[in-house]
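One-letter residues, chain by chain:
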Amino acid sequence: MDETEELIELCVRTLVSQMIPAPGVELHVTRRCVLGLTDEPAADFNRLILGADPQAEGFLVRAAALAKARGRPLVATMSPRAADALAPVATRLGFAPVGAAPLMVLRAGTPVEPGRPMKVARALGPELTQVAGDLIAAAFDTPREVIARCIDVCMTPAAGVETYVAWGDDGPMCTVSVTPTGDTGAISLMATPPEHQRKGAGRALLSHVIDDYRRRGMTRFHLGATEAGRPLYESLGFEVVADLPVWMLDA
């Protein structure tokens, strides 16, 4: 198996871990495909990942039908190996291409320069969960009650997603989540509100978290970047493995 498909399998596991606590969630999973639908009307909370799976075409057709039945928009991310075959099917089903998401990896042994010193703590308990959720809501301009229903519920000791908050002189500044799978960690929800951006807080938090997990035996990290976030990740040593086509199905 090539690295892209291996990482897509890990992305499938990550999305399940992130979405399963949300109320009303509907999950359908194969080894390399996952559909997660929630009661939220925003596309960011209704996700489809399609790897190079023999069942990918049928999975795509069923996913579109389920999303339409629930009246939900759907964001679909595809493996480059699957995209050529799936693109005509997606078009027929009403999906529209909206760009690509860089799939990035930080490999074992790649040095990561530390950022400026900051206080960092895992978001556990009502107070820190509130802080992390506030940062995420502000960074992504999402209603706080939606973040509470879909993301705050993951911030428990037993959850598969581990969320961290960094403080600076101005108080809480940014947050990031890690979903460990064996010796690999998925980075997600890197969130810095606009008033705290370009101050080095995101870099400081992510470098701190990576260093901490490496000391505990984690060797590799991966993430799906936005074009805005890509320069930060590249400066930390992440490399682009593939650009994953992204499609959107309107509600």
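The notes below deal with the structure included here.

Each value, and the rule that gives it
Residues numbered from 1 in each chain as written. Predicted model: local features only at pLDDT ≥ 70, side-chain atom pairs only at ≥ 80, totals over all residues. Heavy atoms only, no water. Helix = DSSP H or I, 4+ residues; strand = E, 2+ residues; numbered from the N terminus. Buried < 20%, exposed > 50% of the residue type's maximum accessible area, 1.4 Å probe, protein only. Lys, Arg positive; Asp, Glu negative; His and termini not counted. Salt bridge = Lys/Arg side-chain N within 4 Å of Asp/Glu carboxyl O. Axes fitted to C-alpha atoms, helices over the stretch in contact; angles between N-to-C directions. Parallel < 35°, antiparallel > 145°, perpendicular 65-115°, else oblique. Left-handed = near helix turned anticlockwise from the far one by under 90°. Contact = heavy atoms within 4.5 Å. Nonpolar A, V, L, I, M, F, W, Y, C, P; charged D, E, K, R; others polar. Phe/Tyr/Trp six-rings, centres within 6.5 Å; stacked < 30°, edge-to-face > 60°. Lys NZ or Arg CZ within 6 Å of the ring centre and 35° of its normal.

Details of the side chain of Glu5
At step 1: Its place among the elements puts Glu5 in helix α1 (residues 3-19).
At step 2: Here Glu5 occupies a buried position and makes no salt bridge, while the nearest side chain of opposite charge, Arg32, is found at 4.3 Å.

Quick word on the packing of helix α2 (residues 56-70) against helix α3 (residues 80-93)
At step 1: Interhelical geometry of α2 versus α3 gives an angle of 20° and a closest axis separation of 10 Å. As far as their axial angle goes, α3 and α2 are roughly parallel. Both α2 and α3 take part in a crossing whose hand is right-handed. For the pair α2 and α3, the contacting residues are Ala56, Glu57, Leu60, Val61, Ala64 and Lys68 in the first and Leu86, Val89, Ala90, Arg92 and Leu93 in the second.
At step 2: Here the residues of the contact of α2 with α3 sort into 8 nonpolar, no polar and 3 charged.

Looking at the packing of aromatic side chains
At step 1: Inspection of every chain in the model, using the stated rule, returns 2 aromatic pairs.
At step 2: Look at Tyr233 and Phe238: their rings are 5.9 Å apart centre to centre, the planes differ by 70°, and that puts the pair in the edge-to-face class.
At step 3: Accessibility expressed as a relative area gives 9% for Tyr233, which makes it buried.
At step 4: One Lys or Arg, Lys119, reaches over the ring of Trp167 and ends 4.6 Å from the middle of that ring.
At step 5: Residue placement shows Arg216 over the ring face of Tyr213; its charged tip is 4.3 Å from the ring centre.

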